[in-house]
Structures are given as C-alpha cells and as structure tokens.
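Take a look at the letters that make up each chain.
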Amino acid sequence: MNEHFDVIIIGTGAGGGTLLNRLAPSGKRILVLERGPFLPREKDNWNYHGSFKYYSSEVMFNKEGGEIRPGFSYFVGGNTKVYGAALFRLREKDFESFRHRDGISPEWPIKYRDWEDYYTQAEELYEVHGKAGEDPTEPWRSKEYPHPPISHEPRIKEVFQILKTRGMKPYPAPMGVRINEALMHLSPCIRCDTCDGYPCLVGAKSDADVIAVRPVMQKPNVTVVTEAKVLRLHTSASGREVTGVVAELKGEPIVFTGDAVVVSCGAVNSSALLLRSANDKHPRGLANNSSGLVGRNLMKHVLGSLVGVSTLKANPSKFQKTMAINDFYWGEPGYEFPMGNIQLMGKTVIEGLRGYEDKYAPLTIEEVAKNSIDWWLTTEDLPDAKNQVRVEGDQRIIIDYTENNSEPFDRLVERWKGILKEIGCGCHIVPQMNYFTPKSGYFQTKMPMHSLGHQVGTCKFGEDPATSVLDLNCCAHDLDNLYVVDGSFFVSSGAVNPTLTIIANALRVGDHLLERLGAWTAESASIPRTMQQTLKNPVLTEMAATA
C-alpha cells in the first residue's frame, strides 16, 4: 500500500473510533490501523467463561518484574467492546484544583464550560440514556439526555426508593445502551444478564465499533486495516514531523505515511509506542524532549466491588446496572476529602462463582447468585510522576504504579457496607471476582494493581511544553503532526468512568483537525463548535493555512 493519507489513526477505541467518525464525512483520505480483528459474533459473546477469550493474554510487568495481565481487549472498538457502557460526565469541579486526602487534584487547562457542548454531542452519538436533575453533584447541561433513563427492575426500584427515603440521592446511571423500552419488539437491546464485561452479540451496546466505526468504514475515503500492530513511528531528519508509521501486517513490517498521525491505543500502549519510537532527535521517546513526562502520571482510579447478599429477599434482576450514587463524591460531614462514586454493576451469575464455593461459605453459590445486588466503587487517584509506563526493548512494558488516596476508598467501602446492612441488602457482603482482570483468580474487594480499565494520564495536555506532553489540541508540543487522542491527555482522573470524556475529546480534536486540514464540508460544518482554539505553533499555523 503506497498511498499517502491525510490522516492516520492508530486504534479504534473510544478515542480513535470516535475521531474516525468525526473526520470521515470530510472526504479526506483516512487510514485506520487496528491491532486486532473485528470481534466475532458467536455464542461465546454471552457465555461467562467463553467471553474471557476476548481479553488479551499479553504479559506486562510490575516494577518488581512480576508478570501482570491487564486484560485489554484488542478488537475493532478496543476496550469498549467489553466495557460496562457507563458514560458519565466529569463533575464541573473535577476540572478545578481540589484537595484530596493524599494531595492536590490539579486544575485542567480548559474547563467544564469548554466541554459541555462536546459532552452533549458525545451523549447523542453514543445514544446515552439518563435523566438530569436527580444527582446533586451533576454539572449543568444545555440539553436533557437524548434518551430516557433505563427503567429499574423491581428489586432495584425498591432499593432506589429505600435509599431516597433515607434522604440519599440515587439517580439513573447514564448508560450507552441501544434500548427502546417503549417498543421492545424493535429494541436492539433485550436487557440480558451478559452486558457488563461482555461483548454484545446483537450489537446493542454503544461501543466504538458499532456506533462510530461501522457507520463510516465503507466511505471511499476511509481505509480500515485490521490485525495491524503498530511497532514504532519514524520522524523526519529535523525530528519535527512523523514521517512513517511502521506496522506489522501478516508478519511483515509495512511503513505507512500521512500528513497527520493520531495515536489512540489507550494510555498504556500509546505512551509505550512513543517511548519505543526513540531516535537521535528524540532520545527519551517521541514527544518527550520538552517535559520528560511521556508515560508518567499514570492514573487508573482506586476501584473495588461489593456483592451485597440479602437473606431476606431475592434479586431476580437481569439488567441491573441502572443506578448510581454520588452522595459521598465530595466527602461527607466530618470528612472534608472526596470519597467517590457508587454505581450498580452487572448482576452476578452463578457461572462466575463455580469453583469458589469455599470462598462464599457459609453461603452457597446458589444463594449468592439468587440474592446478590452488585456494586462498583470508584475513588480518584492522584497524578504522580513516579507512577509510569516504561518500556524495555521492543516488547516489554513495565507498569510502575503505587496506589495513592487509599483512605477515602476504604472509608467509602465501609460507609457503603454499613448502609447496605441497614437497608437489608447486606446480610452478607463478599467480594466480586474477575472484573477487569479475567482469569486472575483474585478474591478481594479492591481491584488489583493491574486492573487498568480506567487508564488515563500518561501524555497530559496543557499550555506549557515544560509541564505537559500535548498542547490544548492534543498535538505533541515537540512534533508538528503527532496527536494523542485517548485517555492519555487527562490531567486528573475524577471519580467517574473516563470514557465519555475520551469520546468528547475525540470530537473536540476532530473539529480542530477538520479545520487544520481545511475540511469543513457542508456536513462537518454543521457540527456546533463551542471553542475554536487558535494554533499557537507558527509551523502548524502555516501548515493549516496551506492545507
């Protein structure tokens, strides 16, 4: 393939897939390189044990040299093929500097007002269901959710009302699921019990493959190449431009060329790619001359799950991920530090309990599966330059991460355990298994270090090249045509799932690239833009003017 492209996008997850969707109508020549194939549609999509095969078995390493298996999913759509589809906006105050138990969550260079319209567009594109006005921490919004909230099943509705009676503020979780409850016979989603953590056999989950890639991949200007693992990037003699993308295709290295190159492999793999691409002009890795921060400030949240088992009442729910609680997001009376988010997760199925009968004694696994209500807890972790992705050679990736902000998470867990017991939902409270880390065999409340499902922060954006890797348009300060469009750009992690912010940012950067490429077609020009940033680099300005 000798064709030169206007844009090369590496990766098709929430960032890369969404960016493709934004750029495709422009008519510009776009090449998409995806490491994996299309995920097959087969019965194993909905089989608890069969679904594990959709997680990569690749090995990374912790700072002590021990093996870890992060459970990434390498298919068109990336990790969104198996994500839980919870699509939250960051809180307005998440974009400001705020004190936590273990330090300061830093201020973002652009604020919620700059994101709001892109959040709205992201919710429309990914068909998010929700209801405004019930969460006291929610940021202001210009429009109601594009779709009504997903209804609670009877047992969940009962718990929802009990919590409200206690004076709490549960609210409908914002979910990217393609469901039509008014006309279920026409609904893609059938409310099954294998959604959270599974691929969707009927294409009803709003993942980047179904929502963003497939609708545009047949356009004549779009070329999607699957099973193409990008190995490294080449630069010009000056070191200012990426001139080649080296990918392994059917066992052979092939070099692709394009005017702009967008890396969107996830915060771990994107930073590893940049580090592996070191050369004489970039001895510490691409985009790393000015700040030295590529791979640093890795954040992944402090995460955990609880299975509350009642001996009083069964929970026959199948699709139960319909509620969230932010009452403790910013702390509570007597505790000034933020604690985090609570949300329901996918219903425990008995297949996931077999083989661990002794862990659940004196309960039987049948009792656990029948009576459980399952909860997901998230606390913000803080950026720390010592928490980083490093590479050794061409393949070995090291995750050097030490958890911080643990006390607020522990407090949130104990607070929620107490509430569950008080409302009859926690006669027994046991850990969840295998979420984010399939086949790991761990059995604890807190996710282990190698649970990297919420990976962000390794190439943070900002205005100062000395303290950030990317500029405000997510273009590398040190190169004129290299962009990173995934969770790498995050300055802080907040305490809600990062995917909607990644999607919104891809739409925002997409608008910038359309402008840079002179590609505002009638179709793309109709996209509302709340913020048109000027290109600060004079070389970029000149390139945009002559594109």
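Residues numbered from 1 in each chain as written. Predicted model: local features only at pLDDT ≥ 70, side-chain atom pairs only at ≥ 80, totals over all residues. Heavy atoms only, no water.

1. Here we look at the sheet that holds strand E19 (residues 396-400)
- What the 4 strands build is an open sheet, ordered E4-E3-E19-E18; its pairing is mixed. In this open sheet, the two edge strands, each paired with only one partner strand, are strand E4 (67-68) and strand E18 (388-392).
- Looking at chain direction, strand E3 (residues 60-62) and E19 are connected through 2 bridges and run parallel. In the strand pairing of E19, Phe-61 is matched with Ile-398.
- The strands that helix H5 (residues 267-276) touches are E3, E18 and E19; relative to E18, the one it contacts most, it runs at about 45°. (Pairing = 2+ DSSP bridges. Helix = DSSP H or I, 4+ residues; strand = E, 2+ residues; numbered from the N terminus. Contact = heavy atoms within 4.5 Å. Axes fitted to C-alpha atoms, helices over the stretch in contact; angles between N-to-C directions.)

2. Thoughts on the packing of helix H2 (residues 112-125) against helix H9 (residues 499-516)
- Contact geometry for H2 and H9: axes closest at 8 Å, N-to-C directions at 110°. Considering their axes alone, H2 and H9 lie roughly perpendicular with respect to each other. From H2, Trp-115, Tyr-118, Tyr-119, Gln-121, Ala-122, Glu-123 and Leu-125 reach across to H9, where they touch Leu-500, Thr-501, Ile-503, Ala-504, Asn-505, Leu-507, Arg-508 and Asp-511.
- The residue inventory of the contact of H2 with H9, partitioned by class, reads 9 nonpolar, 3 polar and 3 charged. (Parallel < 35°, antiparallel > 145°, perpendicular 65-115°, else oblique. Nonpolar A, V, L, I, M, F, W, Y, C, P; charged D, E, K, R; others polar.)

3. Comments concerning the side chain of Asn-297
- Tracing the sequence through the fold places Asn-297 in the loop between H5 and strand E14 (302-309).
- On the basis of relative accessibility, which here comes to 9%, the residue Asn-297 falls in the buried class.
- A distance of 3.4 Å separates the side chain of Asn-297 from the backbone nitrogen of Asp-384, its partner in a polar contact.
- With residues up to four places along the chain from it excluded, the contact list for Asn-297 reads Pro-383, Asp-384, Ala-385, Asn-387, Val-456, Gly-457 and Thr-458. (Buried < 20%, exposed > 50% of the residue type's maximum accessible area, 1.4 Å probe, protein only. Polar contact = N/O pair within 3.5 Å; in protein donor to acceptor, adjacent residues only side chain to side chain.)

4. Some points on unusual backbone geometry
- Across the junction of Ala-361 and Pro-362, the peptide omega takes the value 10°, indicating a cis bond.
- With respect to the element layout, Pro-362 can be found in the loop between helix H6 (357-360) and helix H7 (365-371).
- Positive phi values are uncommon outside glycine, yet Ala-287 reaches one of about 65°.
- Note on placement: Ala-287 falls in the loop between H5 and E14.

5. Things to note about the environment of Asn-481
- Along the chain, Asn-481 turns up in the loop between strand E20 (428-431) and strand E21 (482-484).
- In the structure, Asn-481 is positioned 184 residues away from Asn-297 in sequence and 23 Å away in space, judged by C-alpha atoms.
- Residues within four places of Asn-481 in sequence aside, it is in contact with Arg-240, Glu-241, Val-242, Gly-258, Asp-259, Ala-260, Val-261, Cys-475 and Arg-516.
- Side-chain polar atoms of Asn-481 contact the backbone oxygen of Asp-259, separated by 3.0 Å.

6. Examining the nonpolar core
- Counting 102 residues, the largest nonpolar core has Leu-33, Leu-233, Leu-274, Phe-461 and Leu-482 as its most contacted members.
- Of the residues forming this core, the biggest block, 9 residues, is contributed by H9.
- In this structure, Leu-233 is in contact with Ile-10, Val-242, Gly-244, Val-245, Val-263, Leu-273, Leu-274, Ser-277, Leu-286 and Leu-482, ignoring residues within four places of it in sequence.
- The next biggest cluster of nonpolar side chains, apart from the first, holds 26 residues, and it includes Phe-160, Met-323, Leu-420 and Ile-423. (Core = buried A, V, L, I, M, F, W, Y, C linked by side-chain atoms within 4.5 Å.)

7. Description of helix H8 (residues 406-422)
- If you check H8, its first and last C-alpha atoms are 25 Å apart, about what 17 residues at 1.5 Å a residue would give, namely 24 Å.
- Within H8, the full set of buried residues consists of Pro-408, Phe-409, Leu-412, Val-413, Trp-416, Ile-419 and Leu-420. Projection of H8 onto a plane perpendicular to its axis shows the buried side chains occupying an angular sector of 140°, all on one side. Seen from the buried face of H8, the exposed residues on the opposite side, beyond 90 degrees, are Lys-421 and Glu-422.
- Phi turns positive, to about 80°, at Gly-424, one or two residues after H8. (Expected span 1.5 Å × (residues − 1). Arc of directions from axis to C-beta.)

8. Points about H2
- Here H2 is 14 residues long and its end C-alpha atoms lie 19 Å apart, about the 20 Å a rise of 1.5 Å per residue gives.
- Along H2, the sharpest kink reaches roughly 25°, centred on Tyr-118.
- Among the 14 residues in H2, 11 count as buried, and that is most of the element.
- Restricting attention to buried positions, one finds in H2 the residues Tyr-112, Asp-114, Trp-115, Glu-116, Asp-117, Tyr-118, Tyr-119, Thr-120, Gln-121, Ala-122 and Glu-123.
- Of the surrounding elements, those touching the buried residues of H2 are helix H1 (16-23), strand E7 (128-129) and H9.
- Positive backbone phi, approximately 55°, marks Glu-127, located one or two places after H2. (Bend = angle between axes of the 7 residues up to and from the residue.)

9. Here we look at the pattern of salt bridges
- Under the criterion given, the structure shown has 32 salt bridges.
- Note that Glu-158 is salt-bridged to Arg-155, the shortest N-O span being 2.5 Å. You can see Glu-158 and its partner Arg-155 sitting in helix H3 (residues 154-165), 3 residues apart, about one turn around the helix.
- On the accessibility criterion, Arg-155 (8% relative accessible area) is buried.
- Between Glu-158 and Lys-313 there is a salt bridge, with its nearest N and O atoms 2.8 Å apart. Taken together, the residues Glu-158 in helix H3 and Lys-313 in the loop between E14 and strand E15 (323-325) connect sequence positions 155 residues apart.
- Classification of Glu-158 by relative accessible area gives partly exposed; the value is 28%.
- Relative accessible area serves as the criterion here: at 38%, Lys-313 is assigned to the partly exposed category.
- Overlapping salt bridges, with partners in common, bring together Lys-81, Asp-207, Asp-209 and Arg-214 in one network. (Salt bridge = Lys/Arg side-chain N within 4 Å of Asp/Glu carboxyl O.)

10. So, the sheet that holds strand E16 (residues 341-344)
- Taken together, the 6 strands give an open sheet; going across it, the order is E8-E15-E16-E17-E14-E20, and neighbouring strands pair in antiparallel fashion. Each edge of the sheet is formed by a strand with only one pairing partner; in this case those strands are strand E8 (171-172) and E20.
- As defined by bridge partners, E14 adjoins strand E17 (residues 372-379) across 8 bridges and the pair is classed as antiparallel. Counterpart to Ser-305 in the pairing with E17 is Trp-376.
- Docked against the sheet, H3 engages E8, E15, E16 and E17, running at close to 25° with respect to E15.
- Contacting E14, E15, E16, E17 and E20, H8 runs over the sheet at an angle of about 155° to E17.

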